[in-house]
Structures are given as C-alpha cells and as structure tokens.
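Working through the structure, step by step
Given next are the chains, with one letter for each unit.
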Amino acid sequence: MEKLPWCVRLLQGLVRLLLRFFYRFRAYHTEVLATPGPVLLTPNHLTWIDWLFLIAHVDHRWRFVTSRTTAQASPLHRWIMINRFTFPIDTASPYAVKQMAEFLKTGGRLVLFPEGRMSRTGAMMKLYEGTGFLLFKTRARVIPCYLRGARRIRWAKHGGWKRWFTPVSVHYGQPLEPPQYPGLSTTAARERLTRWLRDVMLEHQLAVEQKFGPPTVTAALLQAAAQRPGFKVLEDVTGQKLSYRRLIVGAELLEAELRGRLSADEQRVGVLLPNANPLPVTLLSLWLGGRTPALLNFSAGPAVMLASAQLAGLRHVITSRNFLARARLRVDALVEAGIEMIYLEDVRERIPTSRRLMQLFLRCIKLPRVADVFGDHREATAVVLFTSGSEGMPKGVELTHGNLMSNILQLFAVVPFQDDDRFFNALPLFHSFGLTAGTLAPLTQGVPVFLYPSPLHYRLVPEAFYDRACTVLLGTNTFLNGYARRAHPYDFYQLRYLFAGAEKVQEATAQLYARRFGVRILEGYGATECSPVIAVNSPLEPRFGTAGRLLPGMEYRLEPVEGVAEGGRLLVRGPNVMKGYLNPEANAAFQALGGWYDTGDLAKVDQDRYVTLLGRLKRFAKISGEMVSLTAVEEALAGAFPQYGQRCVVAVLSVPDADKGERLVAVANDARVTVEDVRQAVLRKGLSTLCVPREVRFLRELPLLGTGKVNYRELQSWLAAQQNAGS
C-alpha cells in the first residue's frame, strides 16, 4: 500500500483531533477505503462540512466530486472545491458524467454525494440518475457511507432543531458490485441502478442505526428526553400537554406505586385505557419496571377481552373509572375471573403533591441515564397485542423492543418526517398501527403527537385536526371516508402526509381526498405480527394502486396457491417480525417457518418490490371449480352506487351451494341496493359472472372492528342466523 505523504498524514491527524474534540467523532470500517478502483464512495449529504468528516480518513488517491459553479461563490469556496483532492465538474453539462466515467475506468476513486444537494428534510432525498448511469457505464464498485448525527449540526439545512456541537460518526459499508441488467435499455438500466443504490444506502443506514442507536423503546424515549427535556411532545383531547420531562416523571411515580401492588414475578400487566396521555405514561412506567404491557381491545366485547386476558395470564389490569363509565364498559367478567383492576384515579390519590414536586425537581436537575434503567434488552418482549380477529378468535402477539425499534427506523428511513411535524392519532393504541406508527414512532424521534380518543367521531376529528394544526394523519379507508363526508375543505390545509392502512384504499376515497382537499393518500400494508408496517407508499416513491414498497430490511417470498394463476401466498421476514404467539399451536406453526411470517394474503410483488394485494386467502370462494376473490368483488362494488349516498357500503360473503360448491351473498347497509344493481356494478368492472352475488341482504349497520375493518366473523354469524331463520 502506498504510504501517504507526511503533510497529508499531519493534516488528517489535525482534522481528526479537532473533530474528536468538537463532535466526539468516530469512524468505523475505514479499512474499506483501501479498495482498489474503479470505486464510488456514496455518503448521505446533510451539511456543507460533510467533506470534513470524510477527509479525516480518505487518502490522496480519492477525489471529491465538486461543482465548478458553486466553487465560484467566494475565494474560500474555490480553495476548498478546486484542488488536487477534488474532481470539479460542470453540473449543467451533459459531459460531466462522461468525464467521471473516464476517470473511473482508469481505476479512479471518487467521493460522490448522489443526492446532489444538502438534504432539506434531514432524511435522504432523491438520488440523481446520473449516478446510476455512471454505474452502468463503469461497473464501479460502491462503498455506502452513512454520516450519523450530522443532521443535528448547526449548518444543516432542514428546519428542525440543531446544535453547534453534537456527536457525529461516519460508517463505511462493504464494497458492493452493482447488479447487471442484460437486455434493458440504457434508460431502464440507469433507473434500476439508481433505485438499487438508494436501497443500498437505506439498508446500510438501517443496519447502522440498529447497531448504534437505542436498543429499546425505553432507551429511545430517554434519549429523546435528554436532547430536549422541556419539549412538549404529547397532548390529548383534554388540552393537557406533556413535555418529555413530565412524561418521565409521571412514569417514574406510577412505576413506584405499581411496584408495591404487583408481585416480582408478574411479568405481564393488562392495560385498558383510551387514547389519552395516561396511556403512554402507563406504558413507559411498565417498561421502566421491566414489565410487559398487554393492551386489551375494549372494542371487541367482554368475552374477547376475557379470553385475551386469560391467554396472557393476566392478574392485574390498569384502567380508569372515568374511562369505563364514559365508554360504558363492563369489566365484571374480568373481575369474576380473579383479575384485579388497578384504577389510575386511586393511584393518583396515593401520590402526595410533595413527592410529585420533588421528583419533578430532581428531573429538572438530571434526567435518568439509559444505562441506569434499562440495558440492551432488545430481545425482551415490549408489548403483547391481540390480533383483530376479523376471521376468528384473536391471537396474542409478542413484539420485542427490537421489533418495534426496527419498524420505527424503517419507517423514518423512507418517509422524511420533520421535527416540526405534528401527528394526529385517533387510531386505538391496542392496534399496532396506532401504537407503533401513530404514537411510539413520533415520540421516540422527537415529533409531537396529539391523541384523540376515537376514530369514529367523523365530524369532530377533522375539526380537532384543524384546531391543533397537525400535519400527519393516520386512518383506514372506512374512517377516511367518514372524515371526508363531514370535513370542511380547509380542515386539512396543513396536512402533509395522509397514511392509510388496515384495509385497501378504494379509488373513490383517493379521488375524493385529491379533489376536495388536494391531498394524496399514501397507502401502506402491515400486520400486527410485523410491528406492523411491511410496505408503504412514501412521498418519494408513491405508486397508486399498490400497497406500497417493501421497507428496507424486509425479505419476501411468494408460494403458489392451487387454483390461483396470478400472485402467490406472501411470506415476509425481517427485524420487525414478531417474537412469537402466546397461542401454543399458532406459535409452533410460526416457529416452524424459521423466521418467516405467513401473512395469509394473496399478493404479487413487482421487480421494484411494490406489493399489490389480491385478497385474503381465507376470503376466496371456490365456485364451479374457480377461485373467486371476495375482496375483488367488494372493490368493484365500492363507490358503485353514488345514487344511494356516500355512506352506502356493501360487504360480500360466501355460503355453501349444492350445485356450484359456494355462492356469493352481498350485505348492504342500504335497503335500496338490488341484485341487479350489484350485477351491473360487478360486470362494469370486467369481472366474470361467477363473481356476481346471487343475493342481497340488508343490515343497517355493518359490524366493524376497532380498526374500522368489517368484522366478517360477526357478519358471517349474522348471515347464518338469518338463513337458519328462513328469512
């Protein structure tokens, strides 16, 4: 290896010393910088001093690609950007890429910021396709590089909080050979290689954050609190605002009281609370005590709640008298089963004002260190959730701290949330979409959250969103339809991101939001067992009609399904996939798959990793030997009857048939819908006559789950009762 000139070594030593002093700078895997050319080093670009962190270790054989135009801004710019260590180009010239390609073909090494500009969001922005063209022409190897912590430097261009001096580290990845795309045109290959490079950089970022970032949700919350202890991060419908400091103080006081009520061996504790500030405080208190909260679905009814509590082996449930009274919930079945209720009102009365003030005073002086309260327990169960049970009894899902943190990091890697965003979450926290995406993700990343108690307040939710000046909204197709019917066109004027999951977004819903509110719906796909997000349409890479692109770190495979020509049974694997089920039989089946989770969905995945859902495998009917998707029929009927109003909804079920094996039955919430109406709507969408329901039943209110999806299990029971009664 060629020895560096003494002046270069002296300069690098001085730079490292200064960076170590001001930024506690560290560099990892610097040995890859000796990779022979042609090779590209591709860092993310956050500040104008990013190059300084890189020259601390790259030697004189590397050249930094710089802009000749920017170099003319001042003598200092020229001195930094045009010298023996740089490769100046005219960014407006079509020959710039050719010049870089010629240099690489001679065995050159280039440091190139593929974003082409400093990030205005603090996250990775789009990559210019010139980099993909460069890889296509030269076959140069790529070394991904991630500057961790640089987004908080004072000179970053995003609008969030920043500091003069903050810890920064640079992480170099292993050299990678770009894939080859024989048979593709230059344009298509350039696009594919640019997408490949972005995926490589995001995968590298995710791996670094998982290794060096907070290992648990508790640690992430404490880290966010240490950065901005007085920042108001949580608010609920009562108007009470909690800073990180008050959130921690409340959790510590509650944990001290619970310690005296709960036995040392009591690992799981039930939680039965609405979307309000006490719920996140309760979760944090249980984590601080090394316990696992089990969130009960209060919308499922007493029988399901009791079954869930017994499955989790609960002895205590934390709840609120005020909540039980307002929601008219009865917990008699739980009490009769020997489960003791812990009421927050009683706990609050036992904590004297003097102790509250003393704890607040202590936390004004010093916040708890992560190592003092929680070690690297990323494999410990963080929460127990219960599946929605739309087609059967719920299963208990164990999600670890590592699962939740991985999904949060995956989501923030592809969606450029900013510090001044404000989440509005009306989705219940007993559902993983509301818990992880709607609450824990923003709280751990320093983004404020407004909690609203019910997603069913169609008139009040848009008004509350407008009043609190929120920018991010999460919902399901059912809920979004309800909001759109009641909202004023100006209610969502500040809305930046509208995410929809749990059920497929209907085209009529997407068109309504685009035309009336000027907002596009970003559809995602997930499952409780995956913490929950599996794929999402991001602002950078949206593709309408799909359920989004698989997140970084997610693997998939499709297994063929008999009788289905298109797509296959979707299985996924990744760091966000659950630890396991509480149900022995279901857990044995999951563990046998070796880390893969069987989604139970029929799907197809294109070459760019976009997922298109074709329906639940359980929601197929076999008619005259052909597989018919009930979901596809419901999509054909969605919005097909504007003459009956926007509230008209039709669900489709299958029942046994002596002649054809099965037949379809439509259940509508409007008595005016006829069999002929349904038939015409299905055929207009190009579906075959096998997909036409032969009967229409009327039910004024279709049963819904807490997530807004149709409760098909309950609806099927109702239909069976109707048929048995001969009506």
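Notes on the structure in this doc start here. All of these numbers come straight from a predicted model, not from anything done at the bench. (Residues numbered from 1 in each chain as written. Predicted model: local features only at pLDDT ≥ 70, side-chain atom pairs only at ≥ 80, totals over all residues. Heavy atoms only, no water.)

Glancing now at the pairing of strand 19 (residues 497–500). Because side chains alternate across strand 19, one face comprises the buried residues Tyr 497 and Phe 499, and the other comprises Leu 498 and Ala 500, equally buried. Pairing of strand 18 (residues 472–475) with strand 19 involves four bridges; the strand directions are parallel. Bridge assignment links Gly 475 to a residue of strand 19, and that residue is Ala 500. With helix 20 (residues 477–486) bridging strand 18 and its parallel neighbour strand 19, the resulting β-α-β unit is right-handed. Pairing between strand 19 and strand 20 (residues 521–526): three bridges, direction parallel. Following the sheet pairing, Leu 498 is matched in strand 20 by Ile 521. (Buried < 20%, exposed > 50% of the residue type's maximum accessible area, 1.4 Å probe, protein only. Helix = DSSP H or I, 4+ residues; strand = E, 2+ residues; numbered from the N terminus. Pairing = 2+ DSSP bridges. Right-handed = clockwise from strand over helix to strand, strands pointing away.)

Let us now look at a nonpolar patch on the surface. Together, Leu 14, Leu 17, Leu 18, Phe 21, Phe 22, Trp 48, Trp 155, Trp 164 and Phe 165 give the surface a local cluster of nonpolar side chains, amounting to about 990 Å² of exposed area. Within the element layout of this structure, Leu 17 appears in helix 1 (residues 6–23). Assessed through its relative accessible area of 57%, Leu 17 is described here as exposed. (Patch = residues over 30% accessible without salt bridge, like charges linked within 9 Å, V, L, I, M, F, W, Y side chains within 5 Å. Areas by Shrake-Rupley, 256 points an atom, 1.4 Å probe, with all protein chains shown as cover. Salt bridge = Lys/Arg side-chain N within 4 Å of Asp/Glu carboxyl O.)

As for its position among the elements, Lys 709 is in the loop between strand 32 (695–698) and helix 25 (712–724). Between the C-alpha atom of Lys 709 and that of Arg 9, which follows or precedes it by 700 residues, the distance is 63 Å.

Moving on, we come to the pattern of salt bridges. Counted by the stated rule, this structure contains 33 salt bridges. For Arg 259, the salt bridge identified is with Glu 255, shortest N-O distance 2.6 Å. Of this pair, Arg 259 and Glu 255 are both found in helix 9 (residues 244–261), four residues apart, which corresponds to roughly one turn of the helix. A salt bridge links Arg 468 to Asp 467, with the shortest nitrogen-to-oxygen separation between them at 2.6 Å. Here the salt bridges do not stand alone but share partners, grouping Arg 192, Arg 195, Asp 199, Glu 541, Arg 543, Arg 549, Asp 606 and Asp 608 into one network.

Spatially, 23-24-26-27 is the arrangement adopted by the four strands of the open sheet, whose pairing is antiparallel. If you trace the sheet from one side to the other, it starts and ends with strand 23 (555–559) and strand 27 (611–616), each paired once. For this sheet the average axis-to-axis angle between neighbouring strands, irrespective of direction, equals 50 degrees. For strand 23 and strand 24 (residues 568–573), the ladder comprises five bridges, and the chain directions are antiparallel. Within strand 24, the residue paired with Leu 558 across the bridge is Leu 570. (Axes fitted to C-alpha atoms, helices over the stretch in contact; angles between N-to-C directions.)

So far we have only geometry, and geometry alone does not tell us how the molecule works.
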